[in-house]
Amino acid sequence: MTDILYCPYLNKSKTPVGALHVYEEATIRLRITKSYNIYDLKIIVENDTKEVLRKPLYLIPEYDNFYNVCKQICFVQNGKIIFACLGDHHFDASINGLVPISTTWPSMHSEEDIDSVIEQVQLFITSVGFKTGCVNIESRINTIDGKAYLIDIGARSGGNYTPFVIQYATGFNFVEAMLDFSMEHTDTKQIPVYNGYYAYMVMHSKEAGILKGITIAEKLKSHILERHDYIKRGQNVRSFRGANAACGVLLVKFDSNEQMQDYVNHMNSYVKVCVLNI
């Protein structure tokens, strides 16, 4: 029988759960519509997947009624969150409504929502005994009970150059903080200062093919802090169904939230990825 694991934080939930299992490179998602005891759930999972599951299953709460609160990176020191920076995910629903094409900072969510997310992250950190380092999370707010729920959490600083965007936005250097801990065995003394409107924008294609080139509008170019290209002209491009299909990333600074939302929500008008169909 495959073991099913869930951390003490999630055990306290009395709500229906969704079962997530990472099986080699495939992800199996099952819809569990009511609460079961752990042994009955194990049998249901194994019967429904018809797989020889060789790794543990991890259970996460799953809801139909939630809205995105998104991405956050925290730095934890001696078991306590000393720095947290919440941003808002943006998606291209015409390709994949689950993989973000951008994250923008600062978050436009209410202070109450942000505090709720930080509270849940701290509860998780305390439950698992994590002491010092970066924590990358994604979260959702349930529209029924108003509570924050973590849907993804890992001891890392995040992809798409997220820690670098946050450093631009706040001055907090995650690399320096980790080196202080791992090399000097000292606590970081950094004092973040929030300043301006920042984002990463993922250059991506809806269609697979051969990359002809990427055209960036002149209006956007003046806002670009860094550009990182992953795919060269003439190389294969995949449809943006997952984060690993990105063509590259732009780190950008904007003059206002309104300007930032316009560029990000109409990215296809400002960043055009041209491909030859194959």
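Residues numbered from 1 in each chain as written. Predicted model: local features only at pLDDT ≥ 70, side-chain atom pairs only at ≥ 80, totals over all residues. Heavy atoms only, no water.

**Topic: a negative patch on the surface**
Applicable threshold: What makes a patch is a set of residues exposed beyond 30% relative accessible area and free of salt bridges, joined within 9 Å when like-charged and within 5 Å when nonpolar (Val, Leu, Ile, Met, Phe, Trp, Tyr). Using a 1.4 Å probe, accessible areas were evaluated by the Shrake-Rupley method; residue-level cover was limited to the displayed protein chains. Each reported salt bridge corresponds to a side-chain nitrogen of Lys or Arg within 4 Å of a carboxyl oxygen of Asp or Glu. Neither His nor the chain termini are counted; the positive set is Lys and Arg, and the negative set is Asp and Glu. To locate a charge, take atom NZ for lysine, CZ for arginine, CG for aspartate or CD for glutamate. Helix and strand assignments come from DSSP, with helices taken as H or I runs of at least 4 residues and strands as E runs of at least 2, each series counted from the N terminus. Relative accessibility decides the category of a residue: with a 1.4 Å probe and only protein chains considered, values under 20% of the type maximum give buried, values over 50% give exposed, and everything between is partly exposed.
Negative charge collects at one region of the surface, where Glu111, Glu112, Asp115 and Glu119 lie side by side. Counting through the fold element by element, Glu111 comes out in helix H3 (residues 111-128). Judged by relative accessible area, which is 64%, Glu111 ranks as exposed.

**Here we look at the pattern of salt bridges**
Tallied over the full model, the rule gives 2 salt bridges. Its salt-bridge partner being Lys221, residue Glu218 comes within 3.0 Å of it at the nearest N-O pair. One end of the pair is Glu218 and the other is Lys221, both in helix H6 (residues 218-221) and 3 residues apart, which spans about a single turn. A residue is classified by how much of its surface remains accessible, and Glu218, at 59% relative accessible area, is exposed.

**With respect to a nonpolar patch on the surface**
Together, Phe164, Tyr168 and Leu225 make up an exposed nonpolar region whose accessible area comes to about 260 Å². Its location among the elements puts Phe164 in helix H4 (residues 162-170).

**Comments concerning the packing of aromatic side chains**
Where two aromatic rings form a pair, the distance of their centres and the angle of their planes describe that pair. Put simply, the rule reads: Centre distance within 6.5 Å is the pairing criterion for rings of Phe, Tyr and Trp, where only the six-membered ring of Trp is used; planes under 30 degrees apart are then read as stacked, over 60 as edge-to-face, and the remainder as tilted.
Taken as a whole, this structure holds 10 aromatic pairs when the rule is applied. Judged by centre distance (5.1 Å) and plane angle (70°), the ring pair of Phe172 and Phe174 falls under edge-to-face. A single burial state applies to Phe172 and to Phe174, both of which are buried. Between Phe254 and Tyr263 the ring centres are 5.3 Å apart and the planes differ by 25°, which places this aromatic pair in the stacked class. Here Tyr263 falls in the buried class, since its relative accessible area comes to 4%. Through successive ring pairs, a cluster of aromatic residues spans Phe75, Phe83, Phe172, Phe174 and Tyr194.

**Regarding the sheet that holds strand E15 (residues 271-276)**
Two pairing modes exist for strands in a sheet, parallel and antiparallel, and in both the strands are linked by backbone hydrogen bonds. For clarity, the cut-off: Criterion used throughout: strands pair if DSSP finds at least two bridges between them.
Taken in spatial order, the 3 strands line up as E13-E11-E15 in an open sheet, and their pairing is antiparallel. Taken across any chain shown, the strands that pair with only one partner, and hence form the sheet edges, are strand E13 (236-237) and E15. Bridge count for strand E11 (residues 209-216) against E13 is 2 bridges, and the pairing is antiparallel. Across the sheet, Gly209 pairs through a bridge with Val237, a residue of E13.

**Description of the state of the cysteines**
Let me state the cut-off plainly: Cysteine sulfur atoms that come within 2.5 Å of each other are treated as a disulfide pair.
In total, this model carries 0 disulfides according to the counting rule given. With no disulfide of its own, Cys74 lies closest to Cys85 among cysteine sulfurs, the gap being 9.3 Å. Take Cys74: its relative accessible area is 0%, and that puts it in the buried class.

**Details of the environment of Cys274**
Applied cut-off: Should any heavy atoms of two residues lie within 4.5 Å, those residues are considered in contact.
Structurally, Cys274 can be placed in strand E15. Note on Cys274: relative accessible area 33%, which makes it partly exposed. Each C-alpha atom of the pair Cys274 and Val237 lies 9.8 Å from the other, and the pair is 37 residues apart in sequence. If we skip the residues at most four places from it in the chain, Cys274 touches Ile210, Leu211, Lys212 and Gly213.

**Some thoughts on unusual backbone geometry**
A cis amide bond links Trp105 to the next residue, Pro106, at an omega of 0°. Relative to the helices and strands, Pro106 resides in the loop between strand E7 (96-105) and H3. We note that Asn78 has phi near 55°; this positive angle belongs to a residue other than glycine. In the Ramachandran plot, His185 falls in the positive-phi region, its phi being about 55° despite a non-glycine side chain. Position of His185 relative to the elements: it lies in the loop between helix H5 (174-182) and strand E10 (197-203).

**Examining the confidence of the model for the protein chain**
What counts, and what does not: Every residue is assigned a pLDDT by the predictor, reflecting its confidence on a scale from 0 to 100.
Predicted confidence across the protein chain gives a mean pLDDT of 80, with 74% of residues reaching 70 or more. Across residues 48-63, where pLDDT falls below 50, the model places 59 contacts with residues more than four positions away in sequence or in other chains.

**Side note on the pairing of strand E14 (residues 248-254)**
In terms of burial, E14 is a largely internal element, 6 of the 7 residues being buried. In this sheet, E14 lies alongside E10 in antiparallel orientation, the contact comprising 7 bridges. Bridge pairing in E14 places Met203 opposite Gly248.

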